[in-house]
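# Observations on chain architecture
Take a look at the letters that make up each chain.
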Amino acid sequence: MDVGSGSGSAADPDPASPGFGLAVDAGSGSGPAAAPDPASPGSGPAVDAGTEPGSDPLADPDVEALPRGGFRCRLCQVSAANRPSLTEHLRGKKHQRLRSLRAERRAQEQRSLFVSGFARGTSGEELCEYFGAFGEVAAVVMDKEKGAYAIVELQDAASRERALAEPQHSLAGHRLRVRPREQKSFAYGTAGRGSHRDPLSPGRLEQALWQASDVDSQMSQLVGLLELSEDERRVRHLLVTLFQEVFTEFFPGCAIVPFGSSVNGFDTHGCDLDLLLDLEPTKSLQASSQAAPRAGSGSGAEDSILSDIDLAATPAPEVLELVATVLRRCVPGVRRVRAVPTARRPVVKFCHKQSGLAGDISIDNRLALLNTRFLQLCAEADERVRPLVYAVRLWAKQQGLAGNPAGGGPLLNNYALTLLVLFFLQTRSPPVLPTVARLRDLAGDEDRTVVCGWDCSFPRDVALLEPSTNTESSCSLLAEFFHTFGDFDFPGQVISLREGRALPLPPPALPEASEGLKLGPLNLQDPFELSHNVAANVNEKTASRFGRCCRDAAKYCRSLQYRQKSSKGRAWGLTRLFQPGAVEPGAGNAGTFLINIPLGSTGGSEQLSQEPRGRGPWFWEVCAAIGFVLRDVLKCSCTAGKPPGAPREELRLSGDSVLPEEQPMAPDMEEGPVAVGCKRRAPETPNGTELPGVKRPRMNVPEETANWSCTVWHRVWTGRRRVRRQLQHSDGPEGPDGDELELEQKVSEAIVQQEGTGHPAEPLLRFEASARVGGTRWVLLRLLPSPAPPGPLFRDFFHFLQSFLPTAVRRRLSRGLPGDAAPQEQGDRGEFCTP
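About the cut-offs
- Every chain is numbered on its own, with residues counted from 1 as its sequence reads.
- Local features in this predicted model are restricted to residues of pLDDT 70 or higher, and side-chain atom pairs are both shown and tallied only at a pLDDT of 80 or more, whereas totals for entire chains, interfaces and linings draw on every residue.
- Remark: hydrogens and water are excluded; side-chain values derive from all non-hydrogen atoms of the structure.
- Counting from the N terminus, the helices are DSSP H or I runs at least four residues long and the strands are E runs at least two residues long.
- Here the term buried applies to any residue with accessible area under 20% of the maximum for its type, exposed to any over 50%, and partly exposed to those in between, with areas from a 1.4 Å probe on protein chains only.
- Using a 1.4 Å probe, accessible areas were evaluated by the Shrake-Rupley method; residue-level cover was limited to the displayed protein chains.
- The definition of a nonpolar core used throughout is a set of buried Ala, Val, Leu, Ile, Met, Phe, Trp, Tyr and Cys residues joined through side-chain atoms within 4.5 Å.
- Only when DSSP finds a minimum of two bridges between them are two strands counted as paired.
- Axis lines are fitted through C-alpha atoms, for helices just across the contact stretch, and the angle between N-to-C directions can take any value from 0 to 180 degrees.
- Should any heavy atoms of two residues lie within 4.5 Å, those residues are considered in contact.
- Between 30 and 60 degrees the pair is tilted, below 30 it is stacked and above 60 it is edge-to-face, where a pair is any two Phe, Tyr or Trp rings, Trp via its six-membered ring, whose centres lie within 6.5 Å.
- Two conditions define a charge sitting above a ring: the NZ of Lys or the CZ of Arg must be within 6 Å of the ring centre, and it must be within 35 degrees of the ring normal.

## Focus: the overall build of the protein
Within the protein one finds 23 helices and 24 strands. Looking at the protein as a whole, 49% of its 835 residues are labelled buried. Surface accessibility of the protein: about 39,200 Å² in total, with carbon and sulfur atoms responsible for 50%.

## With respect to the nonpolar core
Nonpolar side chains in soluble globular proteins generally cluster together in the buried interior. Counting residues in each nonpolar core, the largest one holds 78 residues, and the members touching the most others are Phe374, Trp395, Leu478, Phe482, Phe485, Leu524 and Phe546. Ala625, Leu634, Ala706 and Leu781 belong to the second largest nonpolar core, which has 43 residues in total.

## What to know about the sheet that holds strand E10 (residues 255–259)
Judged by pairing direction, the sheet is mixed, and its five strands sit side by side in the order E10-E11-E14-E13-E12 without closing on themselves. Strands with a single pairing partner mark the edges of an open sheet, and in this sheet they are E10 and strand E12 (334–340). The sheet shows a mean angle of 25 degrees between the axes of neighbouring strands, direction not considered. One ladder, built from five bridges, connects E10 with strand E11 (residues 273–278); its direction is antiparallel. Looking at E11, one finds that Ala255 is bridged to Asp278. Helix H9 (residues 316–330) rests against E11, E12, strand E13 (347–352) and strand E14 (358–362) of the sheet, and its axis sits at about 175 degrees to E12.

## Focus on the sheet that holds strand E23 (residues 765–773)
Backbone-to-backbone hydrogen bonds join strands into a sheet, with any given pair of strands oriented parallel or antiparallel. Strand order in the open sheet formed by five strands is E20-E24-E23-E22-E21, and the pairing between neighbours is antiparallel. The two strands at the open ends of the sheet, each matched to only one other strand, are strand E20 (593–598) and strand E21 (637–640). Between one strand axis and the next, the sheet turns through 25 degrees on average, direction left out of account. Two strands pair when backbone bridges link them, and E23 and strand E24 (residues 778–786) are joined in this way by eight bridges, in the antiparallel orientation. Looking at the pairing, Phe767 lines up with Pro785 of E24. Sheet strands touched by helix H23 (residues 792–815): E20, strand E22 (706–712), E23 and E24. Its angle to E20, the strand with the most contacts, is close to 15 degrees.

## Here we look at the pairing of E22
The buried count for E22 comes to seven of seven residues, which makes it a mostly enclosed element. Neither face of E22 is exposed, since Ala706, Trp708, Cys710 and Val712 on one face and Asn707, Ser709 and Thr711 on the opposite face are all buried. Bridging between E21 and E22 involves four bridges; their strand directions are antiparallel. From the neighbouring strand, Cys638 faces E22, where its bridge partner is Cys710.

## Examining the packing of aromatic side chains
Summed over the entire model, instances satisfying the criterion amount to 24 aromatic pairs. Their ring planes at 45 degrees and their centres at 6.2 Å tell us that Phe131 and Phe134 sit as a pair that is tilted. Seen from their ring centres, Phe481 and Phe482 are 5.7 Å apart, and the 75 degrees between their planes marks the pair as edge-to-face. The buried category is assigned to Phe481, whose relative accessible area is 0%. Ring pairs connect the aromatic residues Trp395, Phe424, Phe481, Phe482, Phe485, Phe488, Phe490 and Phe546, which therefore count as one cluster. When the ring centre of Trp210 is taken as origin, the NZ or CZ atom of Lys565, which lies over that ring, is 5.2 Å away.

Here it is as structure tokens:
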């Protein structure tokens, strides 16, 4: 970047934006410093002014018409049901005040400078004195975290232009970088609000998918619901620019390049920010500076920390530690910095506090850059690729097949699932995507690339690809994906995207990849680094479950419930496909509503994995917590009930769900006592002789469930936030040690009191509920409303439960049940479901 340039072509990281917390330093005495802009970065296109009162409200650029009727004010983030309400809002004090505040902020931006490069410890008074030579200084806002950046606000725009016209700025022997302050979109709200939360709730996802007309529309909507918003992309862009600014100070000529899920075309809310710190230009600059140390001072290499470090000769772990040090000391808002030199690709991990983003910085990972560009090319090659990838990845996550929370584990990662989808599209007839070998033939001379000995050549321009003649719909392709991999021989073959086919073991067509390729239950070859098995972490259990879940999903996709929208309000298409366990054998009726209660943070996953089919104390403790939340917290009447709409045969496990060693035992066989450490005796014939070579099968006992019949008398799910605030203000805010469940009980009691004491003549809702173990990490709660199909009131209640119940159950478990004793007898298990 040019020093002292007034063009401002690059988007500078603005310390005054949220995510870069600032302290206001003393200015020149012309009044208090202007507060930093609270708008979150990238809240949409800037709007210069709204319409004047009395004019057409629909002509106001702040107004957005909602698809289901009504209007929304983007500036105030307020919805209006009709035109008169909208007009009243636009004339109101709040809207007019925010319009005035927005105009004031824009005026501040147009006379402000972004300044960096000064010495650590430089005060606001020093900057005020320096820039006072160009005009009166109104305020100086310093970066409170590191003291490396500042916003200097001048009294008028002419003073700023005089400062920008200066070819070079220096203060106390340090060259200053002076640029125009970046103009930001104004948004009303608390800085950083909601940045740590996933904006897509299960209720919103279900509602959006249920309203679609067909599965193809559901898949298209899914992409829009899961992909990064423009605000999120802009936050990431600002962070990348901030990192570039900081690292250029220490590594002249370096480049920060994003790769991975943020930019490969398959981004999702909350995905990590993967960055490559390209130090090759810095090494070249350093070598030229060492060869001609007196040639001039324009390179800046002699002024950086590299004057005593030879990057070309420094081991990678030391360079990583140097990068980690720069992150800790010089980048505002960065937390939990940790170098991981022993990883397959050494990285420095970090978290950004204000944005809530986690990320990695690597220094030698050019293969990942090319993989990212390859995925970008595939995403742009056909409009069906992205919907199919998003659908498969969400399905795998909901079925517990993907999503290793700590980065390691036996489950599939998103990259492996994406490659499986691309491979499947290569094998269609005619193919939707070309093979990597075909892409290599289409690559021009400018696209020829070899990295670490691997040929990574493919066209960068999607226009060079031949259009696919495949006419299958996204709906059909998803069904065929499950059919293809339902009976796939994963351990006996290598999935090769380069050849576009499954290769036998060892792969004879690729002898260079046979050495170093780690084979396992699922062998998925990287498209370029042929010795890398992308799914090497997957164990036999996960691979087997993946095939079984694909078979179950393929069976469901053959039904009308998948392809045809329900006219009775029942789950259909992707809505049911994405329900955890909903399409497995014994999933129950389509009219049921499922709530997934994950238990990883409570330690319950380890307990559940040791309890076969829920026959253990921990499962009943979870059920007791569910009953407590429904009865005591939400004031529902709960009695012991029967499984909600489950036919008798559903209580038996299907053949696919029984492990080979757990086949049904003959009815006349009885289980005798077995000594610890001894094998079971083989079954005997009627004359008392043992059957040779036969393994005694175990009894196929059905999994246990906890069942409730529930009645809802009050709308305890409406207005909870307002009542909670009132209680907190009257009793004092709940501290970190406060009993949050007790507060939620008080909220429900207050709502009941507002509606009147006693039960109404008729209940609002009735439903049957059943809980069972859904996997090693969650319990599945199934609800069946009565009567069916349910109305809008039940759907509102269900969407509230989807977000409220899992959190409340985990809090109850973290507190421990009364007495800390799990129920031991069947009779005890019913205690939690009494009214």
